[in-house]
Amino acid sequence: MNQKIGFEAHNLEKIRGYGAGVARVLLEEIKSLINDSDLADFRFFVFFKEKIPESQEVRQIIRKKNFCYRVAPFPFNRSYALYYNFWLPWQKIKLGLDLMVFPCYMLPLFYFGRSIVTIHDVVYEAYPEWIPPLYRLIYHLLSRNAGRRATVIQTISNFSKREIIKYYHRAESNVKVIYNPISVKFYPRKDTQKIKETKRQVGLRDKYVFYLGQMFQRRHPLESILAFEKLVKRRPEMECYQFLLVGRNLTYPRINLKKEVEKINQEIGREAIIYLDHLLKSDDDFLANLYSGAELFVSVSDYEGFNLPPTEAMACGTPALLANRPEVNEIQGNEQFYVDNPMDIDEFSRKMEEAIFNQEKRIRAVKSALIQVKKFSLENHLSDFKKMIIENVQSN
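The present account deals with the structure reproduced in this document. (Residues numbered from 1 in each chain as written. Predicted model: local features only at pLDDT ≥ 70, side-chain atom pairs only at ≥ 80, totals over all residues. Heavy atoms only, no water.)

## Looking at the overall build of the protein chain
Looking only at helices and strands, one finds 15 helices and 13 strands in the protein chain. Scaling as 2.2 N^0.38, a compact globule of 396 residues should have a C-alpha radius of gyration of about 21 Å, and the protein chain matches this with 22 Å. Each principal axis of the C-alpha atoms in the protein chain carries an extent, and together these give about 70 × 45 × 40 Å. Across the 396 residues that make up the protein chain, the buried fraction comes to 55%. A sequence separation of at least 24 residues applies to 69% of the contacts in the protein chain between residues at least 6 apart. Element-wise, carbon and sulfur atoms account for 51% of the exposed surface of the protein chain, whose accessible area totals about 18000 Å². (Helix = DSSP H or I, 4+ residues; strand = E, 2+ residues; numbered from the N terminus. Rg over C-alpha atoms; globule rule 2.2 N^0.38 Å. Buried < 20%, exposed > 50% of the residue type's maximum accessible area, 1.4 Å probe, protein only. Contact = heavy atoms within 4.5 Å. Areas by Shrake-Rupley, 256 points an atom, 1.4 Å probe, with all protein chains shown as cover.)

Structure (structure tokens):
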């Protein structure tokens, strides 16, 4: 058959650490296709912007006979715009690629040919006022181009599929849902010593509530800590609780979260909230211990395509406090704890209290979570991805 498939893979250059979820999934997809005996006649080309990644897994697949890679030369490696919009389309023509996969929302302006573009959500279309002007321009230019011109759009939930169809007027058959996979390393950890050591490394002393993820206004990081403060002041049992808040502050308009945390800690009279831009150690085992040790994972968001962190926490046996929204019910199910109006700090605080202290509902939430996350296996994801690739090559 001798089909040639290309992958835009600059994300693999920074695969280490939490937050490189796109890269981790992309690497699994590439590995599964290269090692699949059904695709022995295929050739796979992977494109990097600056360098060959240092990851051992990447280095291993480089030696495969059906694997080729290209690194952008100067000046394309100095500019993302040049790399993406000019060098990648030229590689498609030069190598005679039959299909190219773009995992990050965008289709190059000058790319013409069969393509699969992953779009996780279209928050920039639904709520443009939440996006800083420069990013809004980039999304509208390149992501809108992908939404309208990509041969197939791969997305991560039925909610996102409906939104993509709504904003880009695409046929249902051109938008494929493949759920994000949850790593098999995320399961309830029982080694109390390892959990205790993990907690010590991030400054936690006893029980804690956990937030992990990039911080946008729609995810209500400020309201989350204000609800926690109110609960600590209301319930004496909360004296031993801390709130671990982890993620880059990308709020727009910008909220000074560090200042807000300092203010709350001063008001309470102890380090009740620990705020970190990132986890210094963030491999899956470390993260699984951190998820498993938490009393509650908080991720109350107004708009998500999938929302990976609370789903990983649920896989580790930790209940989640979420927004009461349709995409949440699809991915995280309807047995967790839900906030109707995140801007109402009283309601937010009461729901947090229920999620921590209502033991009967907590038991139900954990049981339901461990069943729900089985839908998101890596095996299912890779099987659906392979099917999508073959269908789009055969229809070429």
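Picking up after the structure, the text goes on.
## Digging into the layout of surface pockets
Taken as a whole, the second largest pocket encloses approximately 310 Å³ of empty space. Of all elements in the fold, only α7 (192-201), α10 (284-293) and α14 (359-372) reach the threshold of two or more residues within the lining of the second largest pocket. Ranked by the residues each element gives to the lining of the second largest pocket, the list is headed by α7, at four residues. Partitioning the lining of the second largest pocket into residue classes produces six nonpolar, five polar and six charged. (1 Å grid on protein atoms, 1.4 Å probe; cavity = no way out; pocket = protein on both sides within 12 Å on 5 of 7 lines; lining within 4 Å. Points joined across faces, edges and corners; volume = space filled by probe spheres on them. Nonpolar A, V, L, I, M, F, W, Y, C, P; charged D, E, K, R; others polar.)

## Quick word on the sheet that holds strand β5 (residues 115-118)
Strand order in the open sheet made by the seven strands is β3-β2-β1-β4-β5-β6-β7, with parallel pairing throughout. Looking at strand neighbours, the two that pair on one side only are β3 (67-71) and β7 (175-177), the edges of this open sheet. The mean angle between the axes of side-by-side strands here comes to 20°, regardless of whether they run parallel or antiparallel. Where strand β4 (residues 99-102) meets β5, three bridges bridge the pair, whose relative direction is parallel. In the sheet register, valine 101 faces β5, and the bridge partner there is isoleucine 116. (Pairing = 2+ DSSP bridges. Axes fitted to C-alpha atoms, helices over the stretch in contact; angles between N-to-C directions.)

## Points about the pairing of strand β9 (residues 241-246)
With six of six residues buried, β9 lies mostly within the body of the structure. Where strand β8 (residues 207-212) and β9 come together, six bridges link them in parallel fashion. If you follow phenylalanine 210 over to β9, its bridge partner there is leucine 244. The β-α-β motif built from β8, the intervening helix α8 (residues 221-234) and the parallel element β9 has right-handed crossover chirality. Two elements, β9 and strand β10 (residues 273-276), share four bridges in a ladder whose sense is parallel. The residue of β10 that forms the bridge with leucine 244 is isoleucine 274. (Right-handed = clockwise from strand over helix to strand, strands pointing away.)

## A look at the sheet that holds strand β12 (residues 320-323)
Strand order in the open sheet formed by six strands is β10-β9-β8-β11-β12-β13, and the pairing between neighbours is parallel. On the outer flanks of this sheet lie β10 and β13 (337-339), each paired with one strand and no other. Across the sheet, the axes of successive neighbouring strands diverge by a mean angle of 20°, strand direction being ignored. Lying over the sheet, α10 contacts β8, β9 and β11 (296-299), oriented at roughly 125° with respect to β8.

## Regarding unusual backbone geometry
The omega torsion across phenylalanine 74 and proline 75 is 5°, close enough to zero to call that bond cis. As for its placement among the helices and strands, proline 75 is situated in the loop between β3 and α3 (80-95). In the segment running from tyrosine 252 into proline 253, the intervening peptide bond is cis, with an omega of -10°. For proline 253, the location among the structural elements is in the loop between β9 and α9 (257-268).

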